[in-house]
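Letter by letter, the chains look like this.
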Amino acid sequence: MKCNQCQSEMVEDCKVNVEFDTPGITISKKGKGLFNKVSAKSKAAVCSNCGYVAFYIDKYKEFSK
Ligand SMILES: [Zn+2]
């Protein structure tokens, strides 16, 4: 993953921590039907050159359904 700001290689797979010890941010999208909900835990990538932080998920392809 390249940094949006300076095009340096970013450090991926960083754990996302928010307040109160919540284990990461979960992103979900409601689909059609009862069991058609997709969700994914977000990860962060950090640029060690300029400090830019990007959030991403692994199962992004499921969100296009
Ligand atoms: Zn950067």
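See the structure printed just above.
Residues numbered from 1 in each chain as written. Predicted model: local features only at pLDDT ≥ 70, side-chain atom pairs only at ≥ 80, totals over all residues. Heavy atoms only, no water.

Participant: How should the pairing of strand β4 (residues 43–47) be read in this particular structure?
Facilitator: If a strand is regular, its side chains alternate between the two faces of the sheet. Examined bridge by bridge, strand β1 (residues 10–14) and β4 share three bridges and lie antiparallel to one another. By the bridge assignment for β4, Met 10 is matched with Cys 47. Following β4, the chain reverses through five residues before pairing antiparallel with strand β5 (residues 53–56); Gly 51 in that reversal takes a positive phi of roughly 90 degrees. (Pairing = 2+ DSSP bridges. Helix = DSSP H or I, 4+ residues; strand = E, 2+ residues; numbered from the N terminus.)

Participant: Mind showing me how you'd approach unusual backbone geometry here?
Facilitator: Keep in mind that most residues, glycine aside, have a negative phi and that most peptide bonds are trans. Its identity is not glycine, yet Gln 7 carries a phi of approximately 65 degrees, on the positive side. Residue placement: Gln 7 occurs in the segment before β1. We note that Asp 13 has phi near 65 degrees; this positive angle belongs to a residue other than glycine. Looking at the element boundaries, Asp 13 is found in strand β1. Relative accessible area serves as the criterion here: at 52%, Asp 13 is assigned to the exposed category. (Buried < 20%, exposed > 50% of the residue type's maximum accessible area, 1.4 Å probe, protein only.)

Participant: Would you take a moment to explain the sheet that holds β5 for this structure?
Facilitator: Strands pair in a sheet through their backbones, by hydrogen bonds, and they do so in one of two ways: parallel or antiparallel. Ordered by their spatial adjacency, three strands build an open sheet running β1-β4-β5, and the pairing between neighbours is antiparallel. Here the strands that pair on one side only, and so sit at the sheet edges, are β1 and β5. For this sheet, the mean inter-axis angle between neighbouring strands, taken without regard to orientation, is 25 degrees. Here β4 pairs with β5 via four bridges, running antiparallel. Across the sheet, the residue bridging to Ala 44 is Phe 55, located in β5. (Axes fitted to C-alpha atoms, helices over the stretch in contact; angles between N-to-C directions.)

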